[in-house]
Amino acid sequence: MTKPISRRFILNAGLVLSLLLVMAGWLVTKTTASSKTLAHKSPTLGVVSKDQGAKQPKLLLTTRHAFPQTAQGEKTIDQVQKNIKVLNGIPQAQLIPMMNFFAASLGVRCNFCHVNNAGQWDYPADTKPEKSTAREMIAMTLNVNKTTKATNGEVSCFTCHRGRTSPVGVPALPLPQPTPRPGQGAPGGPAAPGAPAGPGIPAATMPTADDILNKYLEALGGQAAIDKLKTRVMKGTYTSANGMTATYEIDQAAPDKFHVVFTTPQGTMERGFNGSAGWEKNPRGVMDMPSDQLAQTKAAVGMFSDIRLKEQFTRMNVRKDKLDGKDVYVILGTTTAGRRERLYFDAETGLLLRRTTAMQTPIGIIPQETDFEDYRDIDGVKVPFTIRTLTLDAGSTATRKYTEIKANAPVDESTFNKPPASPPAATPPKP
């Protein structure tokens, strides 16, 4: 007898896949006792899909790498959810990241604003006064960012709350010693670190963004070796901050085909793209991937997404900094999709150490950070075998470690194609 798929499996698998940057946009509709687990994964401000009742809320688990941006034809939050008062006109894809942002900014979970009756979430309900207060605060933040140019749209809940439900309005004594401005240092002391060179001392020549990216390609193995990369097979393990583990396999083919298989003790889920169409297969069936999800997944698991960087940006600036005690060059760039990112390159080796992404939303900037470690040579091209991801959702902080990577290995092209739909399960005979 086939073991039934539990809701907890769908939740955990969906969460892990979002952390693996593979599976996203999962809808969970069956309500069970594990609703309590959902509470801290996706806080919302009165949202339930319009085609569902309060006893069957839909939960959207979104990708944590390529933050969702407004896509042409994408529905807004108020078009999809019920009882929306202040988040009108904002893309639906930004809903869950914003809810996680609210929760992290105040140090709370869903039940701070939302009603849960015996395990049943009633997201549209306005029962709790905290929900009304939250709406007032969101409206205030939206207005400040809209009407005050000096904020650059960066004022958010976290600006004042800093992980507390009530902002701290009185400075704590004793006051901290102010940091000296660059070039000043302490009175009578040496110049502060990072101060500009004095008269007659030439400043170190700063490389251009092109110089840094060209050095990165050489550090990986050189353009010729990268151009020879046609297929790749990767196997790895995943460990979340809460100890949940899984295994996964990725088949890739140039330029952007992929097939991902994610496995837990409870079952298997897949995603694929054959160059023209994307699809997803999970315990609920086989379906096409929407265009926005496909774009996110291609950015997350594409063979060249963290290699061919120059073509991803329209504007780049450079500065020098420190990262874990190492000198790094930081490229501050704007992508072709208008997203702001920072790329941290080891000043000595030229390798990419960190990539941070900022999702610009009406309620503030939502950050994402990915670290790349343990580079190893695979047939002439270096690949990071350890990737660590940090997000505002504490449950989404994870470490991915590859156990095996093969370059130009045989890959069956048919694996990228959408599989046929599974036949419906047979109905057991009545006794």
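Residues numbered from 1 in each chain as written. Predicted model: local features only at pLDDT ≥ 70, side-chain atom pairs only at ≥ 80, totals over all residues. Heavy atoms only, no water.

Asker: Go over the overall build of the chain with me, naming the residues and quoting the values.
Answerer: A tally of regular secondary structure across the chain gives 9 helices and 17 strands. Within the span of the chain, comprising 431 residues, buried residues form 48% of the whole. Long-range pairs, those at least 24 residues apart, make up 57% of the contacts in the chain between residues at least 6 apart in sequence. Carbon and sulfur atoms provide 54% of the accessible area of the chain, an area that totals close to 22,100 Å². (Helix = DSSP H or I, 4+ residues; strand = E, 2+ residues; numbered from the N terminus. Buried < 20%, exposed > 50% of the residue type's maximum accessible area, 1.4 Å probe, protein only. Contact = heavy atoms within 4.5 Å. Areas by Shrake-Rupley, 256 points an atom, 1.4 Å probe, with all protein chains shown as cover.)

Asker: Let's hear about the pattern of salt bridges: which residues, and what values?
Answerer: Throughout the structure, instances matching the rule amount to 19 salt bridges. Where glutamate 341 meets arginine 355, a salt bridge forms, and the shortest distance between an N and an O atom there is 2.6 Å. In this pair, glutamate 341 is assigned in strand β13 (residues 340-346) and arginine 355 in strand β14 (residues 352-361), connecting sequence segments 14 residues apart. We note that glutamate 341, like arginine 355, is buried. Connected through salt bridges with shared partners, the residues Asp306, Arg339, Glu341 and Arg355 form a single ionic network. (Salt bridge = Lys/Arg side-chain N within 4 Å of Asp/Glu carboxyl O.)

Asker: Can you break down helix α7 (residues 209-220) residue by residue, with the values?
Answerer: Relative to the 16 Å expected for 12 residues at 1.5 Å per residue, α7 spans 17 Å between its end C-alpha atoms, a close match to the ideal helical length. Following α7 by one or two positions, glycine 221 adopts a phi angle in the positive range, close to 145°. (Expected span 1.5 Å × (residues − 1).)

Asker: Residue-level account of the nonpolar core, with values.
Answerer: The biggest cluster of nonpolar side chains holds 47 residues, and the ones touching the most others in it are Phe345 and Tyr402. Element by element, the count of residues in this core is highest for α7, at 7 residues. Ignoring anything within four residues of it in the chain, the contact list for tyrosine 402 reads Met234, Lys235, Gly236, Tyr248, Ile250, Pro384, Phe385 and Ile387. Counting residues in each nonpolar core, the second largest holds 16 residues, with Ile90, Leu95, Met98 and Phe102 among its members. (Core = buried A, V, L, I, M, F, W, Y, C linked by side-chain atoms within 4.5 Å.)

Asker: Could you give me a rundown of helix α4 (residues 95-106), with the residues and numbers involved?
Answerer: Over its 12 residues, α4 runs 17 Å from end to end, which matches the ideal 16 Å to within 8%, given 1.5 Å per residue. With 11 of 12 residues buried, α4 is to be regarded as a mostly interior element. Every buried residue belonging to α4 is among Leu95, Ile96, Pro97, Met98, Met99, Asn100, Phe101, Phe102, Ala103, Ser105 and Leu106, and all of these are buried. Immediately downstream of α4, the backbone of glycine 107 shows phi near 70°, a positive value.

Asker: Tell me about the side chain of glutamine 252, and please be specific about residues and values.
Answerer: Secondary-structure assignment places glutamine 252 in strand β6 (residues 245-253). Residues within four places of glutamine 252 in sequence aside, it is in contact with Lys230, Thr231, Arg232, Met234, Lys257, Phe258, Val301, Gly302, Met303, Val411 and Phe416.

Asker: Tell me what's going on with the environment of asparagine 408, and back it up with residues and numbers.
Answerer: Structurally, asparagine 408 is set in the segment after β17 (398-407). What makes asparagine 408 partly exposed here is its relative accessible area of 40%. In this structure, the C-alpha to C-alpha distance between asparagine 408 and aspartate 379, residues 29 residues apart in sequence, is 8.7 Å. Each residue touching asparagine 408, except ones within four places of it in the same chain, is listed here: Lys228, Leu229, Lys230 and Thr231. Here lysine 228 takes part through its backbone oxygen, which lies 3.3 Å from a polar atom of the side chain of asparagine 408. Among the polar contacts made by the side chain of asparagine 408, one reaches the main-chain amide nitrogen of lysine 230 at a distance of 2.8 Å. (Polar contact = N/O pair within 3.5 Å; in protein donor to acceptor, adjacent residues only side chain to side chain.)

Asker: Residues and numbers for the pairing of strand β7 (residues 257-264), please.
Answerer: Direction of pairing for β6 relative to β7: antiparallel, over a ladder of 7 bridges. By the bridge assignment for β7, glutamate 249 is matched with valine 261. Connecting β7 to the antiparallel partner strand β8 (residues 267-273) that follows it, the hairpin turn spans 2 residues. (Pairing = 2+ DSSP bridges.)

Asker: Got a sec to walk through the environment of methionine 359? Specific residues and values, please.
Answerer: Positionally, methionine 359 belongs in strand β14. Once the C-alpha coordinates of methionine 359 and glycine 338 are considered, the two residues, 21 residues apart in sequence, prove to be 9.5 Å apart.

Asker: Can you lay out the pairing of β17 for me, pointing to particular residues and giving the numbers?
Answerer: Where strand β5 (residues 231-240) lies against β17, 9 bridges are found, and the strand directions are antiparallel. Residue pairing in the sheet places threonine 239 in a bridge with threonine 399 of β17.

Asker: Before we move on, can you summarise the packing of aromatic side chains with the specific residues and values?
Answerer: Overall, the coordinates contain 4 aromatic pairs when judged by the stated rule. A ring pair is formed by tryptophan 121 and tyrosine 123, whose centres lie 5.4 Å apart and whose planes are at 5°; its orientation type is stacked. In this pair, the class of tryptophan 121 matches that of tyrosine 123, namely buried. The ring of phenylalanine 304 is capped by arginine 308, whose NZ or CZ atom sits 3.8 Å from the centre of that ring. The ring of tyrosine 344 has arginine 354 lying over it, and the distance from NZ or CZ to the ring centre is 6.0 Å. (Phe/Tyr/Trp six-rings, centres within 6.5 Å; stacked < 30°, edge-to-face > 60°. Lys NZ or Arg CZ within 6 Å of the ring centre and 35° of its normal.)

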